[in-house]
Amino acid sequence: MVQTLGYARVSTPDQDMSGQIDRLKEAGASRIFQDVISGKTFERPGLTAFVDFARPGDTLIVARLDRLGRSLKELLETVEGLHDTGIGLISLEERIDTTSAAGELIFHVFGAIAHFERRLISERTKDGIKAARAQGRKPGRPPLEAETVLALQNLVKAGMTAGQAAKQLGIARSTAYRLTKETTQH
């Protein structure tokens, strides 16, 4: 069964969410997911619960687009995620309804903006790396100290997985797996 679901967010407990909830109910939301959390953090349990609950064909209603993200990047990531899972979006304030043909165009515009932003970030990163190298600097993370690599090897030899050893040593799992793989190839 296709459902219309709502999402409301306020930044602090002393802010009133009832206005958003009333608008979402009036717009037909059968269930409303809520977060009382600052936009500074992108971890929102209410939105995560919505994503886990919703099914393709469902529609998410928000009072305003800014409830989905504090920056354009976060908003675009959220909207892309909804689109990728087949969930429609209605924003009451901006009068956007992606469940219609014109709304589908909005999704494509959002997608194009996200792609453009990713390309800009990539180009800036490449320019920054090139400039750093021109100044004689080596961009990126410094290599792990020899003691850390040796400790990783010893933990793995003792029977730990690379992931467990990474957690114990406070290094990235991907780094631990890469170093473990490099060690076994030599």
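The structure we're discussing is the one just above.
Residues numbered from 1 in each chain as written. Predicted model: local features only at pLDDT ≥ 70, side-chain atom pairs only at ≥ 80, totals over all residues. Heavy atoms only, no water.

A rise of 1.5 Å per residue sets the reference length of helix H5 (residues 146–157), with its twelve residues, at 16 Å; its end C-alpha atoms lie 16 Å apart and thus fit the reference within 8%. Just downstream of H5 lies Gly159, where phi reads positive at about 115°. (Helix = DSSP H or I, 4+ residues; strand = E, 2+ residues; numbered from the N terminus. Expected span 1.5 Å × (residues − 1).)

One pass over the full model with this rule turns up six salt bridges. Here Asp66 ties to Arg67 by a salt bridge, and the two come within 3.1 Å at their closest N and O atoms. Exposure remark for Arg67: the relative accessible area of 10% places this residue in the buried category. The shortest N-O distance in the salt bridge between Glu80 and Arg118 comes to 3.3 Å. With Glu80 in helix H3 (residues 72–84) and Arg118 in helix H4 (residues 101–134), the pair connects residues that are 38 residues apart, well separated along the chain. Accessibility expressed as a relative area gives 44% for Arg118, which makes it partly exposed. Linked by salt bridges that have partners in common, Arg64, Asp66 and Arg67 make up one network. (Salt bridge = Lys/Arg side-chain N within 4 Å of Asp/Glu carboxyl O. Buried < 20%, exposed > 50% of the residue type's maximum accessible area, 1.4 Å probe, protein only.)

A positive phi angle, near 55°, is found at Arg95, a position not held by glycine. Mapped onto the elements, Arg95 comes out in the loop between strand E4 (88–91) and strand E5 (96–97). Residue Arg95 is classed as exposed on the basis of its relative accessible area of 77%.

Next up on the list: helix H2 (residues 45–53). Every buried residue of H2 is accounted for by Gly46, Leu47 and Phe50. When H2 is viewed along its axis, its buried side chains cluster within an angular range of 100° and face the same direction. Projecting away from the buried face of H2 at angles above 90 degrees are the exposed residues Pro45 and Asp52. Elements that come into contact with the buried residues of H2 comprise strand E1 (4–10), strand E2 (31–36), strand E3 (59–62) and H3. (Arc of directions from axis to C-beta. Contact = heavy atoms within 4.5 Å.)

A word on the packing of aromatic side chains. Applying the stated criterion to the full structure yields two aromatic pairs. For the pair Phe33 and Phe50, a centre-to-centre distance of 5.7 Å together with 75° between the ring planes defines the contact as edge-to-face. Remark: Phe50 occurs in helix H2 and Phe33 occurs in strand E2; sequence separation between them is 17 residues. On the accessibility criterion, Phe50 (0% relative accessible area) is buried. For the pair Phe33 and Phe53, a centre-to-centre distance of 5.7 Å together with 50° between the ring planes defines the contact as tilted. Of the two residues, Phe33 is situated in strand E2 and Phe53 in helix H2; the sequence distance between them amounts to 20 residues. By way of ring pairs, the aromatic residues Phe33, Phe50 and Phe53 are connected into one cluster. Over the aromatic face of Phe53 sits the side chain of Arg31, whose NZ or CZ is 4.4 Å from the ring centroid. (Phe/Tyr/Trp six-rings, centres within 6.5 Å; stacked < 30°, edge-to-face > 60°. Lys NZ or Arg CZ within 6 Å of the ring centre and 35° of its normal.)

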